[in-house]
Amino acid sequence: MSHHTRRSLLQGTGVALGLPLLNSLGRTAFAASTTTASAIPKPPLRAAFIYFPNGVWEKSWIPENTGPEYTLSPTLQPLEKVRQQTLVLTGLDKKHSHGGDGHYAKTANFLTGMPVAKTTGKNISSGGISIDQLIAQHTSQFTPLPSLELGTEPVISGIDSNVGYTRLYGSHISWQSPTRPVAREINPRLVYERLFGKRLAGQSAKAAEFQNLLDFVLDDATQLRGRLGRDDQFKLDEYLDAVRAVERRIEFASKPRPEHWEPNSAADTQPPAAGIPADFREHLRLMFDLLVL
Amino acid sequence: MQPTSSRTVAFAIFAVVIGVVSPLTTSLAADEHEARVARWKADFDSKVLPVIRDRCLACHNAEKSEGELNLARFATGEQAYEAGDAWERVARRIRLNEMPPQGSPGLNDQQKGVFQRWVDNRPNQDLCRQLASEDTQSWYRGYVMSRRLTRIEYRNAIRDLLGVIPPVLEQPPEDGGGGEGFDTVGDALFTSTIHVETWLVLADQLVDQALPVDTNGRPRPTPILQTLLSPQSWQHLTDGSPEQQSRAASELLERFARRAWRRPPEPTELERLAALRQQALLQSGPLAAVRQTLKAILVSPHFLFVVETEPDETGIFPLTPHQLATRLALFLWSSIPDEELMQAADTGELADETAYRRQIARMLAHPKATSLGENFGLQWLGLRNFENQRPDSQLFPEYTPELANDLREEAVQLITSVFRDNRPLSDLLSADYVIVNSRLASHYGLPLPAESGWQKVTVSDRRRGGVATLGAVLTVASYPRRTSPVLRGRWLLDELLGNPVPPPPPGVPPLEQATADNAHLSLRQRLEAHRSKPECAACHDRMDPLGFGLENFDPIGRWRDADGGLPIDAVGKLPSGEQFSGPAELKTVLLSRQQDFLTHLSRKLLGFALGRELNKFDACVIESCVKRLHENGLQSRVLIEEIARSYPFRNRYYKKSEPTPAPPESRSTRFLNALQKFAEKSAAVRKQNEASRQPPTPPQPDPEVRKP
């Protein structure tokens, strides 16, 4: 993949991306995966979006010069080995992040670029689908999971009555639709198990059982849905969509096909220990390791 | 779109509700009311508006809208009338001398009097026995949405159904909050793939765990499951003839489904469960087949969603007894109803006031009522994410995970005990006791033998006692390295008294930062310098003095007499003129604002119980809660009862809408089924249309239901 292709993607979607780190991470993931044996299908190109709050010290972040032989800024020094494959994008400030309160209106629309509805609960909206979910819609047939949503902290509870926003805006950057944030996983072990289908399709008998259960509850939900008012139907649609997504996941994991790429599950990939590491750096490192599997 | 007929019915029902509950609303009274409203509007134009123009609009205009308040919107009495409750908040700020802020021209006594009298005379509508609906509020927000169980409710329900608790790390993700700040609000509860995956995996693991087999291949249910069948039926489940097996299994499934789904399952549902068991029997033994079906019950939306299904018409209807029992159990236990409550619903006993109160009293005394402290309490006090609090580990090596856990637990225990023991709610503002264990006692410097468990300890000096001096609260409203009178003052105003403070305007430098010219000043002096600016004074005059009253507590809640070698100065002076020093006197000030506290707590608890944002119709419930509390020595149970008996808690507004077509099915069989249903429906619609000689209107797909 050339830089050109990725740049076209960014232009094509018309969504402003606020994270210069994007390409470097996509590239890192790519590089790590290509080291596997050549018999294994070529891994699809992946995209990663990393959000961290409070911003960066711009002077140490933005490289001083441009062009192929640019010098990495002090903060970006760790990327020196992959500098040639790294693009640092600037000027991606989002118009709709200028209004509203900083903690909420500027986090929830990180990947939507749209205005966030000011609300303590009713009619929550991030203004649009987020770019990661948009990409996932187009690439889900290539990977076992359409997308992975990771975090290091639980969702912030409550509302901020001072500024009139629900705090959950501060906890979600991934939006399946303007009105539906995607929950994220903060426990590395569960991410690992999801990634390798161990929870759902570890044994084929279990997978078949799960399929039967899901069939059953889908019927329950479809019947129930018909008896609900309109708003409640939307809530049940979330459930229906999630059940179908789990079904697809089980199908994918229980019928591996040779042409399909699977995550790097070489014997040396040890599952992370159970639990959330007390050390924040360790937690972050584990989550990043999972990203490149 | 509403068909005309159903619209008419809705109005008719609404009229009946009003007619029955307010027989006093005669036309005479109505005329009088109209006259009062007209007088009130005229007073605004002639007396109040000039004061607002003169004293308020410099900041509260359309452009600046300081404190998120734009008073320029109210240019006529008519517009002022529409604003309703907003004036109460304005009046309170003026009454307490908080507005206009120091440094701006204030209101003289005559102007204050004019304003206060005008607000006090606001003609009130009788909202007590109404529920907001689209007929009464164009921006209707009172609708309670069918929602999924929260993370905590799911955990508790599984515990009460199976007798096993899902491991913390494997539970569904944490939930956000909405409405009045709680996770019980359907608008803010979403379902992602992770949720369904988790529910599926946990149902699988936990049912196997709750219903294992012994070495003889017989079931060994947990005690809680065991009560669902007689010993003989349990034996039949694996050892009986095929008929006996089937009978025992049906019995178990029906009872389990009734408990899990909080209502008697319908015959068709039981048939489907039986069919699922039969299907599983083809591949596995009798017990495994039963387990498989139990799992289905726990992954079904009937368990995972709080569904209050709709009657056929739009309007306001009482909840069914089973729906009411479920609301009550979620409110008091954050769980599903137990057998006794289910029976009270089955027999219709809940409609009886005495029986309903008896259930409430019983449930409050039950250990499950701990959830009022753990779920409601921690969310109310802003302590839900307390484990994320990280005081500086070099300055405070004493702050261990164990201590943090105890600090959190103390908050849970205090709130639980106030409700369980029917204590006066003023205990939450000031009490002569704390609930601690030995580790916390030594942290607080209280005498308690080592290895003591949780217990009430009397404190006579009022330094401790109540929520404001909980170690967890003092820690959460501090910075990692030092205390913050601003954060603590804000906490007291916002979380305890319900008078939120707006965020600082943009561009203001960090308040307490030391600069070259103020490095020699103490924190108090720097704060005072900051407050000399009128735009800062408006809020900091309210917050900072309250916070200074807590300066005797360090950033992790320990008592201190000095900080950095200087004696603590815990004096605070409020805009109202009240002056105090230290936590004991601060609590006297808080007690003098008990009315604000009781109103705020009632509001929070009602918002938690209803799972939605409150509206003007709910103000009446809050007023009656506070009134009844005063009549009953502030007993906590009275508040719970008032909320559980209130009109919005026992009734629901149903908005009938044409069902939107469900997204297409993923599997071919279901797809064909749906296609057939659709064809049948279309035929029915066509037939109906032909009968009424109208052009056919095919069902419209909903544009918001999108599928890639």
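Residues numbered from 1 in each chain as written. Chains lettered and ligands numbered in written order. Predicted model: local features only at pLDDT ≥ 70, side-chain atom pairs only at ≥ 80, totals over all residues. Heavy atoms only, no water.

(A) View of the overall build of chain B. Secondary structure assignment for chain B yields 29 helices and 10 strands. Residues classed as buried in chain B amount to 53% of the 708 residues present. Intrachain contacts of chain B at a sequence separation of at least 6 include 70% that bridge at least 24 residues. Of the roughly 31600 Å² of accessible surface on chain B, 52% is carried by carbon and sulfur atoms. (Helix = DSSP H or I, 4+ residues; strand = E, 2+ residues; numbered from the N terminus. Buried < 20%, exposed > 50% of the residue type's maximum accessible area, 1.4 Å probe, protein only. Contact = heavy atoms within 4.5 Å. Areas by Shrake-Rupley, 256 points an atom, 1.4 Å probe, with all protein chains shown as cover.)

(B) Spotlight on unusual backbone geometry. All names here are of chain B. Each neighbour pair has its own omega, and for methionine 99 with proline 100 the value is -15 degrees, a cis peptide bond. On the secondary structure map, proline 100 appears in the loop between α4 (86-95) and α5 (109-120). In this model, serine 334 sits at a positive phi of 45 degrees, which is unusual for a non-glycine residue. Counting through the fold element by element, serine 334 comes out in the loop between α14 (321-333) and α15 (339-346). You will see that arginine 462, though not glycine, has its phi angle at about 60 degrees, which is positive.

(C) Geometry of the pairing of strand β4 (residues 433-436) of chain B. Residues and elements named next belong to chain B. Burial along β4 is two-sided: the face carrying Tyr433 and Ile435 and the face carrying Val434 and Val436 are both buried. As paired strands, β4 and strand β5 (residues 455-458) are joined by four bridges and run antiparallel to one another. What sits directly across from isoleucine 435, in β5, is lysine 456. (Pairing = 2+ DSSP bridges.)

(D) Main features of the pattern of salt bridges. This structure, assessed with the given rule, holds 67 salt bridges over all chains. Within this structure, A:Lys206, A:Glu209, B:Asp204, B:Asp208, B:Arg291 and B:Lys295 form a network of salt bridges that share partners. (Salt bridge = Lys/Arg side-chain N within 4 Å of Asp/Glu carboxyl O.)

(E) Structural detail: helix α16 (residues 353-365) of chain B. All names here are of chain B. Counted at 1.5 Å a residue, the expected span for α16 with its 13 residues is 18 Å, and the 19 Å between its end C-alpha atoms agrees. Buried within α16 are the following residues: Ala355, Tyr356, Gln359, Ile360, Met363 and Leu364. On its buried face, α16 sits against α14, α15, α17 (370-380), α18 (401-420), α27 (636-645) and α28 (647-650). (Expected span 1.5 Å × (residues − 1).)

(F) Region of the structure containing the interface of chain A and chain B. On the side of chain B, 82 residues touch chain A, which itself brings 70 residues to the contact. Interface of chain A and chain B: buried area, both sides summed, is about 7000 Å²; carbon and sulfur atoms make up 54% of it. The tally of links from chain A across to chain B stands at seven salt bridges. Of the charged contacts in the structure, one is a salt bridge between A:Glu209 and B:Lys295, with a shortest N-O distance of 3.8 Å. Counting the contacts that link chain A with chain B gives 19 residue pairs in polar contact (both at pLDDT 80 or more). Within the residue set of the side of chain A that touches chain B, elements represented by two or more residues are β4 (180-181), α6 (188-195), α7 (198-201), α8 (204-225) and α9 (230-254) of chain A. Looking at side-chain class alone, the side of chain A that touches chain B contains 29 nonpolar, 16 polar and 25 charged residues. (Buried area = accessible area lost by both parts, 1.4 Å probe. Polar contact = N/O pair within 3.5 Å; in protein donor to acceptor, adjacent residues only side chain to side chain. Nonpolar A, V, L, I, M, F, W, Y, C, P; charged D, E, K, R; others polar.)

(G) How the structure looks around the side chain of B:Asn422. All names here are of chain B. Tracing the sequence through the fold places asparagine 422 in the loop between α18 and β4. Residue class for asparagine 422 comes out buried when judged on its relative accessible area of 17%. With sequence-adjacent residues up to four places away left out, asparagine 422 is seen in contact with Ser417, Gln635, Ser636 and Arg637.

(H) Structural context of the environment of B:Leu225. Residue and element names in this part refer to chain B. As for its placement among the helices and strands, leucine 225 is situated in helix α8 (residues 223-226). The exposure class assigned to leucine 225 is buried, which follows from its relative accessible area of 2%. When the C-alpha positions of leucine 225 and leucine 161 are compared, they lie 7.2 Å apart, and in sequence the two are 64 residues distant. Beyond its immediate stretch of four places on either side in the chain, leucine 225 contacts Leu161, Leu162, Ala210, Leu211, Trp234 and Phe256.

(I) Quick peek at the packing of aromatic side chains. This structure, assessed with the given rule, holds 24 aromatic pairs over all chains. Between A:Tyr165 and A:Tyr169 the ring centres are 6.1 Å apart and the planes differ by 70 degrees, which places this aromatic pair in the edge-to-face class. Assigned by exposure class, A:Tyr165 and A:Tyr169 land together as buried. Ring geometry for B:Phe553 and B:Trp559: centres 5.3 Å apart, planes at 85 degrees, overall edge-to-face. (Phe/Tyr/Trp six-rings, centres within 6.5 Å; stacked < 30°, edge-to-face > 60°.)

(J) Fine view of the packing of helix α6 (residues 151-162) of chain B against helix α10 (residues 242-261) of chain B. All names here are of chain B. Two elements in contact, α6 and α10, have axes separated by 10 Å at closest approach and are oriented at 155 degrees. Here α6 lies roughly antiparallel to α10, going by the angle between them. When the axes of α6 and α10 are compared, the crossing they make is right-handed. Between α6, through Asp160, Leu161 and Leu162, and α10, the contact on the second element is made entirely by Phe256, Arg259 and Ala260. (Axes fitted to C-alpha atoms, helices over the stretch in contact; angles between N-to-C directions. Parallel < 35°, antiparallel > 145°, perpendicular 65-115°, else oblique. Left-handed = near helix turned anticlockwise from the far one by under 90°.)

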